[in-house]
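# Results of the structural survey
Chain residues, written in single-letter form:
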Amino acid sequence: NEYDPATGFWTVLGSMSIDRNFPAAAVVGGTIYVTGGWGGGGPQSSAEAYDPASGTWTPITNMNSSRYAHAAANLHGKVYAVGGSNGGWLDTAERYDPVTTIWTNLPSMPGGARVYPAAAVAGGFLYVIGGGNGSPLGRNERFDPGSGTWAPRADMPTAREGAAASSFKGKV
């Protein structure tokens, strides 16, 4: 669905190929990418792209791992999917390139597995923050796409699970 704040109305848009609970989404070049989620009786590896100009959803290459309750972000025109669950908590991450249509596995997050993390991009890095593994976490990890490595950063002072993150003026 699409909300127009100027009119105060919702517009029903096209439907995805399956109902998805707990997916993650990122926007790259005006296209909305929705990854994973719980649907069709279990965790999904499928992903879809929504083209607002045509109003259509198109299935894209499946992720390498099924996951729901994860986070997604756009970094340098690629979709990153991190953490979540496939029946067990995940410390894994993968990257989708819309040009090559390939998902690439990335190194695991060194801080361990988590569900419901938040992800944001700042200064050319991907930050994965919080989440949970039985209790809320304050973890903060940074992925460097240039070196392909993760580095721990200062933990949040208050642990949070299921939070959201964004960047503004170079800060998360």
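In what follows, the structure referred to is the one given above.
Below: a short report on this structure. Quick caveat, the model's predicted, so the values are computed rather than measured. (Residues numbered from 1 in each chain as written. Predicted model: local features only at pLDDT ≥ 70, side-chain atom pairs only at ≥ 80, totals over all residues. Heavy atoms only, no water.)

### Thoughts on the pattern of salt bridges
Overall, the coordinates contain 4 salt bridges when judged by the stated rule. Lys78 is the partner of Asp97 in a salt bridge, and the nearest nitrogen-oxygen pair spans 3.9 Å. Residue Asp97 is located in strand E11 (residues 93–97), and its partner Lys78 is located in strand E10 (residues 78–82); the two are separated by 19 residues in the primary sequence. Among the residues examined, Asp97 registers a relative accessible area of 17% and is labelled buried. Residue classification places Lys78 among the partly exposed residues on the basis of a relative accessible area of 26%. One salt bridge connects Arg114 with Glu141, and the closest N-O pair in it is separated by 2.3 Å. (Salt bridge = Lys/Arg side-chain N within 4 Å of Asp/Glu carboxyl O. Helix = DSSP H or I, 4+ residues; strand = E, 2+ residues; numbered from the N terminus. Buried < 20%, exposed > 50% of the residue type's maximum accessible area, 1.4 Å probe, protein only.)

### Quick notes on unusual backbone geometry
One non-glycine residue, His76, lies in the positive phi region at around 55°. Note on placement: His76 falls in the loop between strand E9 (71–75) and E10. With a phi close to 60°, Thr101 is a non-glycine residue in the positive phi region.

### What about the sheet that holds E10?
Pairing is antiparallel in the open sheet, where 4 strands are placed in the order E9-E10-E11-E12. A strand with exactly one partner marks an edge of an open sheet, and here the two such strands are E9 and strand E12 (102–106). Sheet twist, expressed as the average angle between the axes of neighbouring strands with direction ignored, equals 25°. Here 5 bridges tie E9 to E10, and the two strands are oriented antiparallel to one another. Within E10, the position partnered with Ala71 by the bridge is Val82. (Pairing = 2+ DSSP bridges. Axes fitted to C-alpha atoms, helices over the stretch in contact; angles between N-to-C directions.)

### Notes on the environment of Gly87
With respect to the element layout, Gly87 can be found in the loop between E10 and E11. On a C-alpha basis, the gap between Gly87 and Pro43 in space is 7.5 Å, while along the polypeptide they are 44 residues apart.

### Focus: the sheet that holds strand E8 (residues 56–60)
Spatially, 4 strands are ordered E3-E4-E7-E8 in an open sheet, and the strand pairing comes out antiparallel. Since the sheet does not close on itself, it has two edges, and those belong to strand E3 (24–28) and E8, each with one partner. Going from strand to strand, the sheet's axes swing by 25° on average, the running direction of each strand aside. Across 4 bridges, the pairing between strand E4 (residues 31–35) and strand E7 (residues 47–51) is antiparallel. Paired with Thr35 across the two strands is Ala47, which belongs to E7.

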